[in-house]
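Analysis of the macromolecular model
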Protein chains: 2
Amino acid sequence: MTAQHRIAPRSGAGFRLAKGETLVVVDPMGEQVADLLVFNADDIDEVLSSGRSFDYAERIYLTTGDKLYSNRSNVMLDIVSDSVGRHDFLLTPCSYDTFRICYENEPPHRGCFGNLAAALEPYGVLPDRIPSAFNCFMNVPVDGETGRFKVLPPISKAGDHIAFRAAMDLVVGLTACSAKDSNGGSFKPIEYRIEPAA
Amino acid sequence: MTAQHRIAPRSGAGFRLAKGETLVVVDPMGEQVADLLVFNADDIDEVLSSGRSFDYAERIYLTTGDKLYSNRSNVMLDIVSDSVGRHDFLLTPCSYDTFRICYENEPPHRGCFGNLAAALEPYGVLPDRIPSAFNCFMNVPVDGETGRFKVLPPISKAGDHIAFRAAMDLVVGLTACSAKDSNGGSFKPIEYRIEPAA
């Protein structure tokens, strides 16, 4: 049985994912976002790209059957299973500045950005190289007329998951998101497991 | 009178823009996209960020009064004038791979990505550092229900413009876009001028 790891509330983890392995991201309690970033393990200048992924999918909401591309237009991850169907790929990880600007009455937190930077630092990833993440379970409906969006509580329930198969050897950063509005007003853990190549 | 520069069809330009100066991007013939990227002239690791800009605007369609932020959450550009009101900030510059994947019956072109890489190379910008651009005049309506988007002809008419005031000293990359679908089926020039600080 594959071990399931837990990421504590408002923290993050960094780890390797080999080509062919599947990363299963689980929301154990429901309504909790997990920011996901991946880098080519052999060349960390190759990184997940929201813009390339949108372009090739012709859609901004991605789910089972969709591929996540790098800045070099290579497939990094295939979404192979998704019990939720609503994730965000528009927004950057919450950061000290997000809290300063958007949550001005609360003490700033280093956020997913700071947690990703710390988790990825051992792999040589610099903070300036952290782009928009794939925000698992984040619910950001967009009004197509005005372009306005809202950050609503995730629609994920306890035990929901999304699974990604690696198309290359990867370095992964994954968080339990730190921003109140993104997580229905409370901070909960995220779990993940790595399933071997079939 | 400020000189107006012309960017030939399917090409690009790189130049400096000082803090306080205003860059006016003009569509001289109508229905032509211009991809815009900016980097902090004193530290090119600071770059335009679609995700940060969306986050702080709470909108994906940006126009007069909106600010374009960097990956470090600093304001890089203020949109001070806009006669069109419809631009795209979702998609990455078209590239050799875009043509290979999306225009498979046409000879691949290096696209805005290749043109930006060439124009920015003298300033020390590496191709891997080119993120999603602010695509002036690009018309990408999104269906808020499904997340599907279309790339439609720009709604810009001959002589339309959008103007950006620099909030820091910048290196700018600007193109006359090379992708047929983005430009109503033909390739036209783009013009720009730099107006001094008030």
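Chains are numbered independently. Their residues run from 1 in the order of the written sequence. Note on labels: chains are lettered from A, ligands numbered from 1, in written order. Per-residue local features are limited, in this predicted model, to residues with pLDDT of at least 70; the limit for side-chain atom pairs, both in listing and counting, is 80 or more; totals at the level of whole chains, interfaces and linings are taken over all residues. Excluding hydrogens and water, the side-chain figures rest on all heavy atoms present in the structure.

Chain A is annotated in an unreviewed UniProt entry as Urea carboxylase-associated family protein of Sphingomonas baiyangensis.

Some remarks on the overall build of chain A
Only DSSP runs of H or I with at least four residues qualify as helices, and only runs of E with at least two residues qualify as strands; both kinds are numbered from the N terminus onward. The number of helices and strands found in chain A is three helices and 10 strands. Secondary structure elements of chain A, listed N to C terminal, follow the sequence β-β-β-β-α-β-β-α-α-β-β-β-β. Out of the 198 residues belonging to chain A, those deemed buried represent 58%. Residue contacts follow a heavy-atom distance rule, with two residues in contact if any of their heavy atoms lie within 4.5 Å. Intrachain contacts of chain A at a sequence separation of at least 6 include 77% that bridge at least 24 residues. Only the protein chains shown count as covering a residue, and every accessible area follows the Shrake-Rupley method with a 1.4 Å probe. When the accessible surface of chain A is split by element, carbon and sulfur atoms take 49% of a total near 7,500 Å². Each charge sign in chain A was given a centre, from 19 positive and 26 negative side chains, and these centres are 2 Å apart. Relative accessibility decides the category of a residue: with a 1.4 Å probe and only protein chains considered, values under 20% of the type maximum give buried, values over 50% give exposed, and everything between is partly exposed. His is not counted, nor are the chain ends, whereas Lys and Arg count as positive and Asp and Glu as negative. The atoms used to mark charge sites are NZ of Lys, CZ of Arg, CG of Asp and CD of Glu.

Overview of the pattern of salt bridges
Put simply, a salt bridge is a Lys or Arg side-chain nitrogen that is within 4 Å of an Asp or Glu carboxyl oxygen. Taken as a whole and judged by the stated rule, the model has 20 salt bridges over all chains. Between Asp45(A) and Arg129(B) there is a salt bridge, with the nearest N and O atoms lying 3.0 Å from each other. Taken together, the residues Asp45(A) in the loop between β4 (34–40) and α1 (50–57) and Arg129(B) in the loop between α3 (111–120) and β7 (134–136) connect one chain to another. Since its relative accessible area comes to 26%, Asp45(A) is described here as partly exposed. With relative accessibility at 19%, the residue Arg129(B) sits in the buried group. Among the ionic contacts, a cluster of salt bridges with common partners joins Asp43(A), Glu46(A), Arg72(A) and Asp128(B).

Here's the deal with the interface of chain B and chain A
Taken together, the 37 residues of chain B in the interface contact 37 residues of chain A. Throughout, buried area stands for the accessible area (probe radius 1.4 Å) lost by two parts on being put together, summed over both. Together, the buried faces of chain B and chain A total about 3,300 Å²; carbon and sulfur atoms form 48% of this surface. Area buried by chain B at its contact with chain A is led by Arg52(B), Asp128(B) and Phe149(B), which between them contribute 16% of it. Salt-bridge contacts for Arg72(A) lead to Asp128(B); the nearest nitrogen and oxygen are separated by 2.7 Å. Between N or O atoms, a polar contact is any pair within 3.5 Å; within protein, one atom must be a potential hydrogen donor and the other a potential acceptor, and residues adjacent in sequence are included only when both atoms are from side chains. One can count 16 residue pairs in polar contact (both at pLDDT 80 or more) joining chain B with chain A. It is helix α1 (residues 50–57) of chain B that provides the largest number of residues to the side of chain B that touches chain A, a total of six residues. Residue type decides the class: Asp, Glu, Lys and Arg count as charged, Ala, Val, Leu, Ile, Met, Phe, Trp, Tyr, Cys and Pro as nonpolar, and the leftover types, Gly among them, as polar. In terms of residue class, the side of chain B that touches chain A is made up of 13 nonpolar, 11 polar and 13 charged.

Notes on the relation of the copies chain B and chain A
Copy-to-copy superposition: least squares on the C-alpha atoms, limited to residues that have pLDDT of at least 70 in both copies. Rotating chain B by 180° and translating it 0.0 Å along the rotation axis places it on chain A, where the RMSD comes to 0.0 Å. Both chain copies can therefore be described as sitting about a two-fold axis. Considering only C-alpha atoms, the part of chain B nearest the rotation axis is Gly144(B), at 2.3 Å. Both copies contact each other with a shared surface, as 100% of the interface residues of chain B are interface residues in chain A too.

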